[in-house]
Amino acid sequence: MLTLGQLANQLGQSENIESTVTDIASSAEQHYLSYFMNNLTFEITTFYELLAEDSQKVLLEDNDVMKKIIQSITKVWADSNKWMNPTKRSITVKLSTLYKYRDTLANQVATLAAYDDKLKMYQYILARRRNYKDDYSHTTDEVLAGELVNFIFEYEDSMTVNDRAKVVLGELPVRMSKIKFHEWVEKALIGMKGVSVNDLSNYTDYLKETFHPEGVEGYGIVTPDFYNELKGLEQLLTDIVATEVIDEMEVTISNLQLMLNDSVSLYTFTASVINNMIGILSVLNETSITQRKEDVDRFVVLMDRLYKRRKEDEVIDDEMMVVFDEMTLEFSEMMVSNGKYDAIIDQVKKGYIDVIMDLGLDERYDRLASLYILQSSSYFAPVNVSAVDLELVDERQLITIKNTLINYLDEAAKGNTRIEKRARIANLLSVLNVVQSSAEEIHVYIVSALASCRDEREKQGCKIILEEIM
């Protein structure tokens, strides 16, 4: 078969187009079969080591669904050769199962993110109720505001400026009317006119979940033991909380945060294993498995040995380490080629869709086009994107989406205490697009926010957190 460079040249010259398009698909499938097999071998080694940790075992005892998914995807590697069945029916069934697992994990991750947002609300409240006799900030409001503005604009990179501004705004005391709050949300969305429908929809969903994490599907159901501990912090939402209770809650929040961090590792590695398995199946066929027989044989041997050693203190033995070193060198070269394959696949799909359809290659090219998502760090990003999702938002759609969002936020805050409403808004400001257009505006807002603190304890809590951020 021709090299990728030769195939790209033929495509550019529109030479032997049917043969070229077919050969590109075949070449890409062979390349990615080796890539995903190597990557899965690396990932599953760490995955086995992670599952052996006591903290992960505790998490799985609190999550039957996650436990069953992990058991299922691990069990298949008791016989890797059987799993590498290139028949179309076998691949279709396995892909369907893996995509269901992936969707389930994505939904559960959204719930864990909701728990994290709720935890941040409690942390926000708690930090403003502590006794700061032994840890006191004597910095004046004006001086601190100046230091914070310098911190925000330390670098010229606009992304860094926006990210730092969000962190600062999300830690300041919240004192704003409903009208002012609506104005901030409206201004934050105005700048998104012209983005894709999909991007705006994802962003507004993110805002809803950050402001009202309890509205996320699965809230209170996923990891029930964790949820019950989180629910025990609700006393912070009242106006009066004893000092000794606050001290206890600090320990609880710290422990819950550690558990969430452990959960993130488990979910991302599980998703990575699933994504690599989907990647293999997406390019597995009689031709690719024959052309890459040597790589396939090595993969089967390694996966079988890793499965047998998965509960050992050291999953990789000395003999396997030699093979892994060789694979690491190969893998670096493969990663360089990934972008070239992604580009030529995209070129074919955009320029020769009729040829693809006539040759019956549409399903193969659709799968190849999805591989860049599976190899990225966006573990739960949708693999397939519809044409509607790529449409650009017009002014009418923006107004409708904005009104829907504001109505949702208002409804979600009904019946909340003042403290809870302020914590929700603070959470939202930490992710909302920054509405101030200059350093002067941000400085004025910081000074005004600090001046509006209810008492010295609240101000000290804000100042100490902001100084720690810098």
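Residues numbered from 1 in each chain as written. Predicted model: local features only at pLDDT ≥ 70, side-chain atom pairs only at ≥ 80, totals over all residues. Heavy atoms only, no water.

Some details on the pattern of salt bridges
For clarity, the cut-off: In what follows, salt bridge is the name for a side-chain nitrogen of Lys or Arg lying within 4 Å of a carboxyl oxygen of Asp or Glu. The helix count covers DSSP runs of H or I at least four residues long, the strand count covers runs of E at least two residues long, and both are numbered beginning at the N terminus. The classification of residues rests on relative accessible area computed with a 1.4 Å probe and restricted to protein chains. Under 20% of the type maximum is buried, over 50% is exposed, and intermediate values are partly exposed.
Taken as a whole, this structure holds 26 salt bridges when the rule is applied. One salt bridge in this structure joins E458 and R175, with 2.7 Å as the shortest N-O distance. Taken together, the residues span a long stretch of sequence, with E458 in helix α22 (residues 456–469) and R175 in the loop between α8 (158–169) and α9 (178–190) at a distance of 283 residues. Taking relative accessible area as the criterion, E458 reaches 7% and is therefore assigned buried. Accessibility expressed as a relative area gives 29% for R175, which makes it partly exposed. Notably, a salt bridge pairs R298 with D295, separated by 3.9 Å at the nearest N-O pair. Of this pair, R298 and D295 are both found in helix α14 (residues 293–308), 3 residues apart, which corresponds to roughly one turn of the helix. D295 carries the same exposure label as R298, and that label is buried.

What about the packing of aromatic side chains?
What counts, and what does not: Only the six-membered ring of Trp is used, alongside the rings of Phe and Tyr, when aromatic pairs are assigned; centres must lie within 6.5 Å, and planes under 30 degrees apart are stacked while those over 60 apart are edge-to-face, with the rest tilted.
Taken as a whole and judged by the stated rule, the model has 16 aromatic pairs. An angle of 80° between the planes, with centres 5.4 Å apart, marks the rings of F42 and F331 as edge-to-face. Of this pair, F42 sits in helix α2 (residues 17–51) while F331 sits in helix α15 (residues 318–351), and the two are 289 residues apart along the sequence. When its relative accessible area of 11% is taken as the criterion, F331 is described as buried. Between F181 and F211, the aromatic rings sit 5.9 Å apart at their centres with planes inclined by 25°, giving stacked as the arrangement. Of this pair, F181 sits in helix α9 while F211 sits in helix α10 (residues 197–211); the two residues are 30 residues apart in sequence, bridging distant segments of the chain. In this structure F181 comes out as buried when scored by relative accessible area, which is 6%. Owing to a relative accessible area of 2%, F211 belongs among the buried residues under this scheme. Through successive ring pairs, a cluster of aromatic residues spans Y32, Y35, F36, F42, F324, F331 and Y341.

Examining helix α7 (residues 141–152)
Every α-helical turn comprises 3.6 residues, leaving residues that sit three or four positions apart pointing alike. What counts here: In this analysis, the expected span of each helix is defined as 1.5 Å times one less than the number of residues it contains. Here the arc refers to the directions that run from the helix axis out to each C-beta atom. Pairs of residues are marked as contacts when any of their non-hydrogen atoms sit within 4.5 Å.
For α7, built from 12 residues, the straight-helix expectation of 16 Å at 1.5 Å per residue is met to within 8% by its first-to-last C-alpha distance of 16 Å. Along α7, the positions that sit buried rather than exposed are D141, L144, A145, L148, V149, F151 and I152. Each buried residue of α7 sits inside an arc of 155° when the element is viewed along its axis, so together they form one side. The inward-facing, buried residues of α7 contact α8, α21 (439–451) and α22.

Here we look at the side chain of R424
To keep it simple, the criterion reads: What qualifies as a polar contact is a pair of N or O atoms within 3.5 Å, subject to a donor-acceptor requirement within protein and to the restriction that residues adjacent in sequence count only when both atoms come from side chains.
Assignment of secondary structure puts R424 in helix α20 (residues 418–429). Of the residues examined, R424 reaches a relative accessible area of 2% and is grouped as buried. Looking at R424, its side chain comes within polar contact range of the side chain of E420, at 2.9 Å. Not counting residues within four places of it along the chain, the set of residues in contact with R424 comprises K118, M121, F211, H212, P213, E214, A412 and N416.

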